[in-house]
Each structure stands twice: as structure tokens, then as C-alpha cells.
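So the chains spell out like this:
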Amino acid sequence: MSKTAFIFPGQGAQTAGMGKDFYENSRKAKDIFDMASELLSLDMRKLCFEKNDLLDKTEYTQAALVTVSMAAEHVLREWGMTADVTAGLSLGEYCAAASAGAFSTEDAVLMVRKRGIFMEEAVPANKGAMAAVIGLTGARTEEVLEKIPNVWIANYNCPGQIVISGRKAAVEEACEKLKAAGAKRAIMLNVSGPFHSGMLVGAGEKLGKVLENVEIHKPVIPYAANVTAQYVTEAEPVKDLLVKQVSSSVKWQQCVETMLADGVDTFIEIGPGKTLAGFMKKIDRSVKTLNVEKLEDIEKVVEALKEA
């Protein structure tokens, strides 16, 4: 039996103008933007629709992306589309959990605003770094990093693409040793902090205090958690997983493999960009991957699934 997953991108997918057509053509999407603006005391339209210096700052990026992705998700549902499971890359896990019914869109927006601030504050500027490692397996990368303190695997994106994170000097050292171990490339990334590393444990602990005030529900459908790459089907583990996720590896490839093993054969990426679709091509080319980045994409998705 065919199964569909809604999947949501993470930080880095943001772009000026994102979500504008949803806002202008859907009352539901407009309500989500207006809710986020009021809740966070931010002009979410200006932040998302106009070129500005804030959109790439972590404390603003995360709330903006969740607002846009959830607005698109609600419009997709208005067109009658539903999912059997959900998943999201890093920040996108908040959209996945909200889409699955674990908490409200309002709480998702509020949590990621706090999360972004805590992550931004966790490490002084220029003390941390991240790098993309191309052409090396996760296992081989792990072997090399075992001998280098203060550097961790941040993301298992897809076969041949790993992201590492940690103290700047340690990441630079790791890049050289990973290339010597056979990596085709190891490229330093232009990011504001060492995300998904042990340096962000404190940020996760602060987030845990915020989560104490969030009402968590049993998910209506399962979602795949970044930390375990397993389905979350109960309310109880949600908070702990989100706290750990801040400083733990994002097991995206493994999340996708869990969904594939469950019979998911259609993946709909909801939000800006096509990053996850690109990863899907390297994980399993045989499945159908569709994108909802703009309003016009929804009609294409509906038609493509009718023909399937």
C-alpha cells in the first residue's frame, strides 16, 4: 500500500520572498503569518517577503522558516492532501511534529524563536564552526573524529554527505584528516555557530525550560525523530528528544530509511528550496519526491498524485 510523507527543510533554505504567494492567496496562511507576528512581536511579512539583514540570523531564521512551512502545509491540507508520516531536518522537525499533531503551530513558532536565540547565544562568535564532508561514509568519518576532541557529526544527510561541527580549530583539523582519509572535499560552511555539537548542550537545557510550558499531545500520525531516526508515536518522549536534538547528530538519512522501510514511496517537501529532494536522489531514486515551495506547486502535486 502506498504511503506519503510530508518532509520539512531546515535552516539554510530561507530566501527573501518565501511564503508571500501563500499569504496573499490563502486566508489560513495569512492567519498563520499574522499569528506569528503577534506572538513574537515581529513583522513576519517584512522578515520573509523583503530582502533584509535579519533573515539569515539564526534567532530570526528559525521562526521565519517554521511560519512559512506551516503556512504551506495548511494550504496543502486545504487542497485535501494528507500524510501517513512526517519528518523534518533539524529545525524542520518542529514542523513535522506540529504537522503530526504533537503540538500546535503556535507553540512550534514560539519554541523555535527561543531555540534560535539560545543557539545564537550558546557559543561566542568565531569560536565554533561547521564543515561539509563529501565522499566519505559516516562510519569512516566517525573513525577519524574519534581521535579529535571537540568535533562531532552534526548531520548524516545522505550517502557521501556528512556535516561536522565543533570548535573551529578542531573542525579545521578534522577537515584535513578527513581529506587524508579519502574525503573528496571538506568545505568550511558559512554558519553562525557549531550547530548539533556538544557545544550546544547548554542551549538544549534552556530550551527544556521553555518546553515545560508546552502542551504535548500524542501524535495523530507518526513522525521520525532526528535523534533516534525512529518514529515518535506517543507524547511522552517528545520534549526529551527536542532537547537532545539541539546538540545531537541529525540522522536524516536514517530517518528516510525508516520511512522507506515502512512503505513510504511518496515524499512531499514542504517549504523553501529543494534540499531534501536532492538528498532523496542519493538515498533512493526510485521513490517519488515532490516539492511545495510556491502556491502553484500545490496544483502540480495534486495532479501528479492523481496520475500515480
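No experiment lies behind these values; they were computed from the predicted model shown.

**Student:** Go over the nonpolar core with me, naming the residues and quoting the values.
**Tutor:** Ranked by size, the top nonpolar core spans 75 residues in total, and within it Met 44 and Phe 103 carry the most contacts. With residues up to four places along the chain from it excluded, the contact list for Phe 103 reads Tyr 94, Ala 97, Ala 98, Ala 108, Met 111, Val 214, Glu 215, Ile 216, His 217, Val 238 and Leu 242. Counting residues in hydrophobic clusters, the runner-up holds 20 residues, among them Ala 87, Ala 224, Ala 229 and Val 256.

**Student:** So, the pattern of salt bridges: which residues are in play, and what are the values?
**Tutor:** Taken as a whole and judged by the stated rule, the model has twelve salt bridges. The closest approach of N and O atoms between Asp 31 and Arg 27, which form a salt bridge, is 3.2 Å. Taken together, the residues span about one helical turn, with Asp 31 and Arg 27 both in helix H2 (residues 27–40) at a distance of four residues. With relative accessibility at 34%, the residue Asp 31 sits in the partly exposed group. Taking the shortest distance from any N to any O, the salt bridge between Arg 140 and Glu 143 comes out at 2.9 Å. Pair noted here: Arg 140 and Glu 143 are both in helix H7 (residues 138–145), with a separation of three residues, about one helical turn. Classification of Glu 143 by relative accessible area gives partly exposed; the value is 42%.

**Student:** So what's going on with the packing of helix H6 (residues 105–122) against helix H9 (residues 201–211)? Residues and values would help.
**Tutor:** Interaxial distance between H6 and H9 falls to 9 Å at its minimum, and their mutual angle equals 155°. It follows from the interaxial angle that H6 and H9 lie roughly antiparallel. The two elements H6 and H9 cross, and the hand of that crossing is right-handed. Taking contact as the criterion, the partners of Met 111, Lys 114, Arg 115, Phe 118, Met 119, Glu 121 and Ala 122 in H6 are, on H9, Ala 203, Lys 206, Leu 207, Val 210 and Leu 211. Classifying every residue of the contact of H6 with H9 gives eight nonpolar, no polar and four charged.

**Student:** Now, about the packing of H2 against H6: what can you tell me, with residues and values included?
**Tutor:** Packed helices, taken two at a time, are described by the angle their axes make and the gap between the axes. The N-to-C vectors of H2 and H6 enclose an angle of 45°; their axes lie 10 Å apart at closest approach. For the element pair H2 / H6, the angle class is oblique. The crossing of H2 and H6 is right-handed. Only Thr 105, Glu 106, Val 109, Leu 110 and Arg 113 of H6 make contact with H2, whose side of the interface consists of Ile 32, Met 35, Ala 36, Leu 39 and Leu 40.

**Student:** Give a detailed account of the environment of Gln 62, specifying residues and quantitative values.
**Tutor:** Counting through the fold element by element, Gln 62 comes out in helix H4 (residues 58–78). Note on Gln 62: relative accessible area 0%, which makes it buried. Beyond its immediate chain neighbours, meaning those up to four positions away, Gln 62 contacts Gln 11, Leu 91, Val 112, Arg 115, Gly 116 and Met 119. Polar contacts involving the side chain of Gln 62 include one to the side chain of Gln 11, which spans 3.0 Å.

**Student:** Break down the side chain of Ser 249 for me, citing the residues and quoting the values.
**Tutor:** Mapped onto the fold, Ser 249 is located in the loop between helix H10 (238–245) and helix H11 (252–261). In terms of polar contacts, Ser 249 uses its side chain to reach the backbone carbonyl oxygen of Ile 153, at 2.5 Å. The residues touching Ser 249, leaving out its near neighbours within four places in the chain, are Ile 153, Ala 154, Tyr 156, Asn 226 and Val 227.

**Student:** Quick rundown of the sheet that holds strand E4 (residues 151–158)? Include the residues and the values.
**Tutor:** Note: strands within a sheet are paired through backbone hydrogen bonds, in either parallel or antiparallel orientation. The four strands lie next to each other as E4-E5-E3-E6, forming an open sheet whose pairing is antiparallel. Two strands close off the open sheet at either side, each with one partner strand: E4 and strand E6 (185–188). Averaged over all adjacent pairs, the angle separating strand axes in this sheet is 25°, with direction ignored. In terms of strand pairing, strand E3 (residues 128–134) meets E6 through four bridges, oriented antiparallel. Counted as the bridge partner of Ala 132 is Ile 187 from E6. Relative to E4, H7 is tilted by about 175°, and along the sheet it contacts E4 and strand E5 (161–167).

Criteria and cut-off values
Residues numbered from 1 in each chain as written. Predicted model: local features only at pLDDT ≥ 70, side-chain atom pairs only at ≥ 80, totals over all residues. Heavy atoms only, no water. Core = buried A, V, L, I, M, F, W, Y, C linked by side-chain atoms within 4.5 Å. Buried < 20%, exposed > 50% of the residue type's maximum accessible area, 1.4 Å probe, protein only. Contact = heavy atoms within 4.5 Å. Salt bridge = Lys/Arg side-chain N within 4 Å of Asp/Glu carboxyl O. Helix = DSSP H or I, 4+ residues; strand = E, 2+ residues; numbered from the N terminus. Axes fitted to C-alpha atoms, helices over the stretch in contact; angles between N-to-C directions. Parallel < 35°, antiparallel > 145°, perpendicular 65-115°, else oblique. Left-handed = near helix turned anticlockwise from the far one by under 90°. Nonpolar A, V, L, I, M, F, W, Y, C, P; charged D, E, K, R; others polar. Polar contact = N/O pair within 3.5 Å; in protein donor to acceptor, adjacent residues only side chain to side chain. Pairing = 2+ DSSP bridges.

Read these as layout, nothing more, since geometry by itself doesn't imply function.
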